Amino acid sequence: MTAFTPYWLEHIRAGDRLQVGDKALQLALAMQQGYPVQPGFVIPATVLHCVLQFTPWPYPLLVELAESALQFDEYNPRQLQSVVRHLREILAQTSVPNDFLSSVLEAGHLWRSSALILRPSVAIADPASPNLRGLLKAQVCLPYPGAIAHALQQVWAEIFRARSLVVWHRLKIPLRHVHLAVLVQPIEDAIASGEMNISNSQIEIRSTVGLRQAITDGNVTPDEYRIQLQSYPEYEERLGRKLYQTKLVYSSIDHQEGALPRVDGRAVDLAPALQAQPALQPSQIQHLVYLAQQFRAESDDSVQMDWTIPESPPADIRIVRITPLPHPVSQPSSYVGLQPEATVPETLYGLAAAPGRAIAPAWLAPTLEDSADIPEGVILVTPVVYPGWLAWLHRVKGIVTEQGGMTSHAAILARELGIPAVVGIENATRLLAAGDQIYVDGDRGTVQKITANLATQIALNASNPSRASQEPFDQGGTNASAPALWSSDIESASIPHPLKTRLLVNWGQLEQATELAALPVDGVGLLRSEFLLGDRLTHYRQAEVDRTWAVNDIAERVQTIARAFFPRPVFYRSLDLRSHEMSRDDHPTLSELNPILGMHGTLSYQADPSLFDLEMMAIAHLHQAGFTNIRVVLPFVRTVEEFVFCRQRIEKLAFPKPDLLEVWIMAEVPSILFLLPSLAKAGVSGISIGSNDLTQLILGVDRDQAEMAIAYNPLHPAVLAAIQHLVQTARQLNLPCSICGQAPSQYPDLIERLVGWGITSISVSPDAVDTSRQAIARAEAKASSTAVNVPRIL
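Since this is a predicted model, take the numbers as computed values, not measurements.

Caption draft 1: Representation of the overall build of the protein. Assigned secondary structure in the protein consists of 27 helices and 29 strands. Out of the 794 residues belonging to the protein, those deemed buried represent 54%. Partitioning the intrachain contacts of the protein with sequence separation of at least 6 by distance along the chain shows that 67% fall at a separation of at least 24. Only carbon and sulfur atoms are counted for the fraction: they give 52% of the accessible area of the protein, which is about 33500 Å².

Caption draft 2: Looking closely at the pairing of strand β3 (residues 116-124). Most of β3 sits out of view: 9 of its 9 residues are buried. Judged from the 3 bridges that link them, β3 and strand β4 (residues 139-141) form a sheet pairing that is antiparallel. Paired with Leu116 across the bridge in β4 is Cys141. Looking at chain direction, β3 and strand β5 (residues 178-186) are connected through 9 bridges and run antiparallel. Residue Arg119 lies in a different strand from β5, and its bridge partner there is Leu183.

Caption draft 3: Main features of the sheet that holds strand β29 (residues 761-764). With respect to topology, 8 strands assemble into a closed barrel ordered β22-β23-β24-β25-β26-β27-β28-β29, the strand pairing being parallel. Strand-to-strand twist of the sheet, defined as the mean angle between neighbouring strand axes without regard to direction, takes the value 30 degrees. Pairing geometry for strand β25 (residues 630-634) and strand β26 (residues 663-667), over 3 bridges, is parallel. Bridging from a neighbouring strand, Val633 pairs with Trp664 of β26. Contacts from helix α21 (residues 640-653) reach β25 and β26 within the one sheet, and its direction differs from that of β26 by about 155 degrees. Along the sheet, helix α27 (residues 769-783) makes contact with β22 (502-507) and β29, crossing β22 at roughly 160 degrees.

Caption draft 4: Just the pattern of salt bridges, in detail. Across all of its chains, the model carries 16 salt bridges by this definition. When the shortest N-O distance is used, the salt bridge between Asp189 and Lys247 registers 3.8 Å. Here Asp189 is found in the loop between β5 and β6 (190-198), whereas its partner Lys247 is found in strand β10 (residues 244-250), with 58 residues between them in sequence. For Lys247, a relative accessible area of 22% puts it in the partly exposed group.

Caption draft 5: Fine view of unusual backbone geometry. A cis amide bond links Tyr232 to the next residue, Pro233, at an omega of 25 degrees. Looking at where Pro233 falls in the secondary structure, it is placed in the loop between β8 (223-228) and β9 (236-238). Geometrically, the link from Pro313 to Pro314 is a cis peptide bond, its omega value of -5 degrees lying close to zero. Here Pro314 is to be found in the loop between β12 (302-310) and β13 (318-325). Of note in the backbone geometry, Arg112 takes a positive phi value of approximately 55 degrees without being a glycine. With respect to the secondary-structure elements, Arg112 resides in the loop between α4 (98-109) and β3. Of note, the phi angle at Phe636 is positive, near 50 degrees, even though the residue is not glycine. Assignment of secondary structure puts Phe636 in the loop between β25 and α21. For Phe636, a relative accessible area of 2% gives the class buried.

Caption draft 6: How the structure looks around the packing of aromatic side chains. If you walk through the whole model with that rule in mind, you get 8 aromatic pairs. These aromatic residues form a ring-pair network of at least three members: Trp8, Phe41 and Trp111. A cation over an aromatic ring shows up here: Arg631 above the ring of Phe571, its NZ or CZ 6.0 Å from the ring centre.

Caption draft 7: Inspection of the sheet that holds strand β14 (residues 347-349) at higher detail. In space, the 8 strands of this open sheet follow the order β14-β21-β20-β16-β17-β18-β19-β15, with mixed pairing throughout. The sheet is open, and its two borders are formed by β14 and β15 (351-354), each paired with just one other strand. The average angle at which neighbouring strand axes cross in this sheet is 30 degrees, direction not considered. The sheet contact formed by β14 and strand β21 (residues 446-449) spans 3 bridges and is antiparallel. Pairing of Tyr349 across the sheet is with Thr446, part of β21.

Thresholds, definitions, all that
Each chain carries its own residue numbering, running from 1 in the direction its sequence is written. Local features are withheld for residues below a pLDDT of 70 in this predicted model, meaning they are given only at 70 or higher, and side-chain atom pairs are given and counted only at 80 or more; totals for whole chains, interfaces and linings count all residues. To obtain the side-chain values, all non-hydrogen atoms of the structure were used and water was disregarded. Only DSSP runs of H or I with at least four residues qualify as helices, and only runs of E with at least two residues qualify as strands; both kinds are numbered from the N terminus onward. For the exposure calls, accessible area comes from a 1.4 Å probe over protein chains only, and a residue counts as buried if that area is under 20% of its type's maximum, exposed if over 50%, partly exposed in between. Note on contacts: a residue pair qualifies if any of its non-hydrogen atoms lie within 4.5 Å across the two residues. The Shrake-Rupley method, run with a 1.4 Å probe sphere, supplies the accessible areas, and residue values consider only the shown protein chains as cover. Strand pairing requires that DSSP identify at least two bridges connecting the strands. In this analysis an axis means a line fitted to C-alpha atoms, helices contributing only their contacting stretch, and an angle means the value between N-to-C directions, from 0 to 180 degrees. Any Lys or Arg side-chain nitrogen located within 4 Å of an Asp or Glu carboxyl oxygen qualifies as a salt bridge. Centre distance within 6.5 Å is the pairing criterion for rings of Phe, Tyr and Trp, where only the six-membered ring of Trp is used; planes under 30 degrees apart are then read as stacked, over 60 as edge-to-face, and the remainder as tilted. The rule is short: NZ of Lys or CZ of Arg within 6 Å of the ring centre and within 35 degrees of the ring normal puts a charge over the ring.

Here it is as structure tokens:
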């Protein structure tokens, strides 16, 4: 493949559509009409076709992007994810020729920009195909060959995401008709940014400080302006709540082999003086209105213009995207109750952000002020879920948002609250009307208006479990029996009846992650890092080791489990290296008279934090990559001071805001019985009771000595009293509480007591999942008459 000739925006013509995609074409035509469009060029779709010709696909017809010879069941998410992961891994290994990268670099250097954004620009051969905005993700990278190659591979791989393949399949779009170009533009930090909706008679402007990603991720409540063109210069104004701004954060550039310089958009605190100030000056609002009026004079189309005001001079408004909007039946008269368009698609597609299904009336809440009126039992339909809505989300049965991704506030809150959610459905507040009965499927990422046929099908599925397992609108089945624990056919697992008490699983190996994730559990309650990383500890400790390599190696191993369970939580317990369980090379203490009371757990981090630092940096990289289902559990915490040391170090190294990462502690040292209130004040996110160590420390028994086994009794009244005290104290402090020792796995009868005391979750070994689930179900049924609300960890 030879160097390509870029399509610069100022030279693109309408006939170039299939080469440059609709997004780039819209910007090019606007630029040529005199609008202040951000400069850019396009890597044409033919380049991807050339790349695919040299890709060793296991499915031959994909080389030609022909109609799907790739066989998959779109309603079988695990199978689909497995196929997609394999395809994307192959594409990620495809090399991008150096002369091609040189062409991109040469064009990019003309802007003297410190970062580039690569935006997918798709054109479907049939121009009547629906708008696919938001389906494919953009990538930000530094202007270095390796970074550009990686970003390009990521953008190209977007057409093989599970969500993308399902959309092509459902819309009957052959892959050969999907033309994916890449729009390359400079990107830099912004004074302000946002979006502007332009329709026949009005303009809506949403703005925030910094990059627009803060709006998309739901990190801010943007300023909102509504301008009726006939009454301008008067307009409605609502100032938002802007505690954060999104800025570009650059990683340290390491030129060692294999290192990849990075740039990411991250939420950072906004100076208090700016939080209550408008993001836009009156002159800037006037300029946006002028652009909108100019557009209305030249076109009858309704569009959304995304814009930015760069920090570097001249700080002028730049248009970065123009997207056609559907024409509403009539113009809305207020923020509440936007009218649906005349023809509503049968099914709306978004991201499956939180599992579960719900049927209820739609409730439209376009702004923060509307949230206080949300009634119970509705499905919330909104452009974005604002951070302050947590108190009201408990009322709803489901959530549908126009913006946001798997890491948005809507997705995170919905998963933690157990509310089915679909995010990223463009124009949901226009396509759905208040009061519509809608069906939200958080497992498949779809939303449908209830019709007579759909209602009949749902009713049939609910009453016929065998039918439900085959039809696309099943309710998850009613078969409460658990699958074979290690069946090679992971797709045979039925969805069990939901439990109030979460059932988690203990694990510590890289192998069988997929099979483990197929178990009817709510996540990993204890990921034992000592087993996961044990064979690499010597390498991590070596003074000459490349820290970047070590962090990436840890992240890769943890990611294997996090990806398999996503979005279910994975509780990663940081290293607890005990001298009698480790080799001399892996533990700095050569010999200890009493290892259980020796230098390990969080106390050892104060003496030497080097390994802990590597672990937390790896967790931070995974969170930035979207694996926000990872929580951290600190082992063998003895004092409040130990926790504070670890919490502060985590914030300094990787998570500047405490709420970005849940940090739990193991409650296994008896001192925690008395220190839990103080730990809660210090910021502990939750506790996980380690029944193994708690038993031996309360009874003074070394569980590693065989001759003392007769005295080691997890059901001793003193041990049970300690566990009950921890569970009930955690409830009083509104802390989630789990138990992850061997006792629940070994003694199912203990589960009834734990449920009665109000335990939040129980984590057991894989072979005890079946009996534990049955025990929890029995205990909850027995306690149903006196049940109380307990906090959830999910």
